[in-house]
Amino acid sequence: MWCRRLAWLLRGQRGSTGRRWPWLPRAPGPVLAAPVRCHPTAPAAPQCAWQLHQDHLELSYGSTVMRLDFVWLRDHCRSASCYNAKTNQRSLDTASVDLAIQPQAVRVDETTLFLTWPDGHVTRYGLEWLLRNSYEGQKQQVMHPRILWNAEIYRQAQVPSVDCRSFLETDEGLKEFLQNFLLYGIAFVENVTPTREDTEILAERISIIRETIYGRMWYFTSDFSRGDTAYTKLALDRHTDTTYFQEPCGIQVFHCLKHEGTGGRTLLVDGFHAAEQVLRQAPEHFELLAKVPLKHEYVEGAGGCHNHMIGVGPVLNVYPWNNELYLIRYNNYDRAVINTVPHDVVRRWYRAHRALTAELRRPDNELWVKLKPGKALFVDNWRVLHGREAFTGYRQLCGCYLTRDDVLNTARLLGLQA
């Protein structure tokens, strides 16, 4: 394998600006490439070449071509004077960096990029670090590895539940639970004492409980004590919760404490799997659902509870650099008046919404689970939709919402990608 090495002073040898973003046109005039010399390197080293432009360094490493802005390269310096390795925080004042800065000298060896700046400061970057952290490198990666599923895929996977004692008392049990949760968006804990207090202890094992307008631990029966269909015996269509929050709750916990009657099975649908089918069959629908902002609203005036919540956002939320879906906001009950969409887009949005709804309602995408005392269910509310069939008799559930950041934090501390 070969690595092109070059020592080139920018003074008097500046090239024209290269393309920085795929949607911006190339600046007029030729890009002046510096002369290249090739030297043999160790056989295991990825192929490496680089070229200076007026405002950025173009670095080819392996199969990836990175375009690294000079200001970005100065701002991310990891030297002791620019970055505190003990606190993992930047010390350099970004606003003090000259926006027209250019390196005086550049050198690349088998593993490291060296840049010398006009004030004599030297910045060093590992090539593997740049590959992971450049825009082009991030575009090739996923933030959260997942297994998309329908009912049959999930059943065939035979994802095990985790025993309550193992979950509470061992890192191995906790890690197994979190790995299942991250991959599938749902996970179960067995042999939980069927009380609200024990369910609370369970939830606090992985996160801080998020207190909302429903309190810290919610505890409900079909008494219509709140202005919400969930507090009835009626069937509930698939949906995500708290779409009317600016940031919908990330994780929710369900634990059925008692049911003396029939029906009441819980419905689970992988929203990301359905969205993936829409993307494959009609990408224009996916794009519209990811761009058009909608309002969701919760108005309550029952008893002593008075609330008026409004959340705004598209049905599908994606990371812009790699188009990875990270949140679905779907609740036909709570969707407010559509007044954020111009008339020439509304009909197209309805078609896109209909396509997604059809996928979400496909029978083979429906996983039905009968919740029983002692079996707690954790649901990723940003991914998995839940619903319920109608029931008879007395049914008592408890649960809570968890802060997503804390769940992911727990997973990362156990060595999982989250």
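The protein chain is annotated in an unreviewed UniProt entry as Trimethyllysine dioxygenase, mitochondrial from Notiomystis cincta. What UniProt states about the protein chain under its Subcellular location (unreviewed entry) heading is, verbatim, "Mitochondrion matrix". Here the protein chain is described in UniProt, under the heading Sequence similarities (unreviewed entry), as follows: "Belongs to the gamma-BBH/TMLD family."

Student: What is the right way to read the nonpolar core from this model?
Tutor: A general tendency of soluble globular proteins is for nonpolar side chains to be buried together. If you look at the biggest cluster of nonpolar residues, it comprises 28 residues, and the most contacted ones within it are F167, F177, L178, I206, F378 and L402. Not counting chain neighbours up to four residues away, the residues in contact with L178 comprise I206, V407, T410, A411, L414 and L416.

Student: Got a minute to help me understand helix α9 (residues 283-291) in this structure?
Tutor: Because the α-helix completes a turn every 3.6 residues, residues three or four places apart line up on one side. Taken together, the buried positions of α9 are occupied by H285, F286, L288 and L289. Across the axial projection of α9, the buried residues extend over an arc of 165 degrees, all falling on one side. Its buried side turned inward, α9 meets α8 (271-281), β20 (316-318) and α10 (343-360).

Student: Would you take a moment to explain the packing of aromatic side chains for this structure?
Tutor: The description of an aromatic ring pair rests on the distance of the ring centres and on the angle between the ring planes. With the rule as written, the count across this model stands at 18 aromatic pairs. A ring pair is formed by F177 and F378, whose centres lie 4.9 Å apart and whose planes are at 75 degrees; its orientation type is edge-to-face. Here the residue F177 occupies a position in helix α6 (residues 171-184), and F378 occupies one in strand β23 (residues 376-380), the gap between them amounting to 201 residues. Grouping residues by exposure puts F177 and F378 together as buried. The ring of F114 carries the charged tip of R107 above its face, separated from the ring centre by 4.0 Å. The side chain of K375 reaches across the aromatic face of F188, ending 4.7 Å from its centre.

Student: Just checking my understanding: could you explain the packing of α6 against helix α11 (residues 404-413) for this structure?
Tutor: Two quantities define a packed helix pair, namely the angle between the helix axes and the distance between the axes. For the pair α6 and α11, interaxial distance at closest approach is 10 Å and the crossing angle is 120 degrees. Relative to α11, the element α6 is oriented oblique. The handedness of the crossing between α6 and α11 comes out as left-handed. On α11, the residues touching L174, L178, F181 and L182 of α6 are V407, L408, T410 and A411. Here the contact of α6 with α11 is composed, by residue class, of 7 nonpolar, 1 polar and no charged.

Student: Can you walk me through the pairing of strand β9 (residues 112-116) in this structure?
Tutor: On a regular strand, each side chain points to the face opposite its neighbour's, so the side chains alternate between the two faces of the sheet. For β9, a buried count of 4 out of 5 residues is recorded, marking the element as mostly surrounded by other parts of the structure. Where strand β8 (residues 105-108) meets β9, 4 bridges bridge the pair, whose relative direction is antiparallel. From the neighbouring strand, V108 faces β9, where its bridge partner is L113. Hairpin connection, β8 to β9: the antiparallel pair is bridged by 3 residues. Sheet topology places β9 next to strand β10 (residues 122-126); 5 bridges connect them, and they run antiparallel. Considered in β10, the bridge of L115 is made with T123. With antiparallel pairing between neighbouring strands as the criterion, β9 and β10 make up a hairpin whose turn holds 5 residues, including G120 at a positive phi of roughly 90 degrees.

Student: Would you explain the sheet that holds β9 in this entry?
Tutor: With respect to topology, 3 strands assemble into an open sheet ordered β8-β9-β10, the strand pairing being antiparallel. The sheet terminates laterally at β8 and β10, the two strands that pair on one side only. Each strand axis lies, on average, 15 degrees off the axis of its neighbour in the sheet, ignoring direction.

Student: Can you help me understand the confidence of the model for the protein chain in this one?
Tutor: Detailed conclusions should not be drawn from predicted coordinates in areas where pLDDT is low. Residues of the protein chain with pLDDT of at least 70 account for 87%, and the chain-wide mean is 88. Long-range and interchain partners of residues 1-43, a stretch whose pLDDT sits below 50, account for 84 contacts in this model, where long-range means more than four residues apart.

Student: Before we go on, may I ask you to explain the sheet that holds strand β22 (residues 367-369) in this structure?
Tutor: In any sheet, the strands associate via hydrogen bonds between backbone groups, in a parallel or an antiparallel arrangement. Pairing in this open sheet of 4 strands is antiparallel, and the strands run β15-β24-β17-β22 from one edge to the other. On the outer flanks of this sheet lie β15 (236-239) and β22, each paired with one strand and no other. Put simply, the sheet's adjacent strands are angled 20 degrees from each other on average, direction ignored.

Student: For this particular structure, what's the right way to read α6?
Tutor: Helix length check: α6 (14 residues) gives 20 Å between terminal C-alpha atoms against 20 Å at 1.5 Å per residue, within 8%. Listed in full, the buried residues belonging to α6 are G173, L174, F177, L178, N180, F181, L182 and Y184. Within two residues after α6, G185 carries a phi angle of roughly 80 degrees, on the positive side.

Student: Could you clarify how one ought to interpret the state of the cysteines in this entry?
Tutor: Throughout this description, disulfide means a covalent bond between two cysteine sulfur atoms. Under the criterion given, the structure shown has 0 disulfides. Free of any disulfide, C82 has its nearest neighbouring cysteine sulfur in C77, separated by 3.9 Å. Residue C82 is classed as buried on the basis of its relative accessible area of 2%.

What counts, and at which threshold
Residues numbered from 1 in each chain as written. Predicted model: local features only at pLDDT ≥ 70, side-chain atom pairs only at ≥ 80, totals over all residues. Heavy atoms only, no water. UniProt positions renumbered as here; feature names shortened; annotations may be inferred. Core = buried A, V, L, I, M, F, W, Y, C linked by side-chain atoms within 4.5 Å. Buried < 20%, exposed > 50% of the residue type's maximum accessible area, 1.4 Å probe, protein only. Contact = heavy atoms within 4.5 Å. Helix = DSSP H or I, 4+ residues; strand = E, 2+ residues; numbered from the N terminus. Arc of directions from axis to C-beta. Phe/Tyr/Trp six-rings, centres within 6.5 Å; stacked < 30°, edge-to-face > 60°. Lys NZ or Arg CZ within 6 Å of the ring centre and 35° of its normal. Axes fitted to C-alpha atoms, helices over the stretch in contact; angles between N-to-C directions. Parallel < 35°, antiparallel > 145°, perpendicular 65-115°, else oblique. Left-handed = near helix turned anticlockwise from the far one by under 90°. Nonpolar A, V, L, I, M, F, W, Y, C, P; charged D, E, K, R; others polar. Pairing = 2+ DSSP bridges. pLDDT = per-residue confidence, 0-100. Expected span 1.5 Å × (residues − 1). Disulfide = S-S within 2.5 Å.

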